[in-house]
Amino acid sequence: MDSNSMMPIVLLPLCVLAGLAAGFFLRKKIVEKKISSAEEITKKIIAEAGKEAETLRKEAKIQAKEELYRTKAEFEKETRNKRIELQKLEKRLAQREENLEKKVGLIDQKEILTAKREKAVAAQEKTVKEMEERYLQLLDEQKKLLERISGMTSDEA
């Protein structure tokens, strides 16, 4: 066999082998590109997810701050209303206390006046009693004087 006729027989397996090697390396390169591309996409997705998570975290933080502000404002409003109610109640209680103190003062004055009147009435009663006794005594003396002057007793007259 001549070398020219052998050449295609030798070359064919070499070409097939070279084709297989080239296909293997080409396939490896394509797979590596796909893996690299997939890794980049994964990194992008992870970065986007991180950004989205950060955005969501910031939004949640803002919402929490807004809720806290709203709650604080509501609490302050309720506290202010309660304080106003308490001030009104204190004012009413102070007025009632003042009115009670005035009434107690008036009652004390009336008691003092009543006590003075009772003393005055007792003194007048004593004076009237003394005068009555004096009048009875004078009447008795007059009666005795008349009996002596007339010489008769009242039973006889």
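Residues numbered from 1 in each chain as written. Predicted model: local features only at pLDDT ≥ 70, side-chain atom pairs only at ≥ 80, totals over all residues. Heavy atoms only, no water.

**Quick look at the overall build of the protein**
Part 1: A tally of helices and strands in the protein yields 1 helix and 0 strands.
Part 2: Its C-alpha atoms give the protein a radius of gyration of 65 Å, clearly above 15 Å, the size a compact globule of 157 residues would have.
Part 3: Within the protein, the fraction of its 157 residues that count as buried is 0%.
Part 4: Accessible surface, the protein as shown: approximately 15200 Å² in total, 61% of it carbon and sulfur.
Part 5: Between the centroid of the 34 positive side chains of the protein and the centroid of its 30 negative side chains there is a distance of 11 Å. (Helix = DSSP H or I, 4+ residues; strand = E, 2+ residues; numbered from the N terminus. Rg over C-alpha atoms; globule rule 2.2 N^0.38 Å. Buried < 20%, exposed > 50% of the residue type's maximum accessible area, 1.4 Å probe, protein only. Areas by Shrake-Rupley, 256 points an atom, 1.4 Å probe, with all protein chains shown as cover. Lys, Arg positive; Asp, Glu negative; His and termini not counted. Charge placed at Lys NZ, Arg CZ, Asp CG, Glu CD.)

**Some remarks on the pattern of salt bridges**
Part 1: Applying the stated rule across the entire model yields 4 salt bridges.
Part 2: A salt bridge links D140 to K144; the nearest nitrogen and oxygen atoms lie 3.8 Å apart. Here K144 and D140 lie together in helix α1 (residues 3-150), a separation of 4 residues that amounts to about one turn.
Part 3: Exposure remark for D140: the relative accessible area of 37% places this residue in the partly exposed category.
Part 4: Look at K144 and you get exposed, because its relative accessible area is 52%. (Salt bridge = Lys/Arg side-chain N within 4 Å of Asp/Glu carboxyl O.)

**Structural notes on the environment of K103**
Part 1: Mapped onto the fold, K103 is located in helix α1.
Part 2: Considered as a pair, K103 and Q63 are 40 residues apart in the sequence and their alpha carbons are 59 Å apart.

**Quick word on a nonpolar patch on the surface**
Part 1: Side chains of M6, M7, I9, V10, L11 and L14 sit close together on the surface and give an oily, nonpolar patch of about 540 Å² of accessible area.
Part 2: With respect to the helices and strands, L14 occurs in helix α1. (Patch = residues over 30% accessible without salt bridge, like charges linked within 9 Å, V, L, I, M, F, W, Y side chains within 5 Å.)

**Describing the environment of E54**
Part 1: By the element assignment, E54 lies in helix α1.
Part 2: Separated by 77 residues in sequence, E54 and M131 place their C-alpha atoms 112 Å apart.
Part 3: For E54, the side chain forms a polar contact with the side chain of R57, separated by 2.5 Å. (Polar contact = N/O pair within 3.5 Å; in protein donor to acceptor, adjacent residues only side chain to side chain.)

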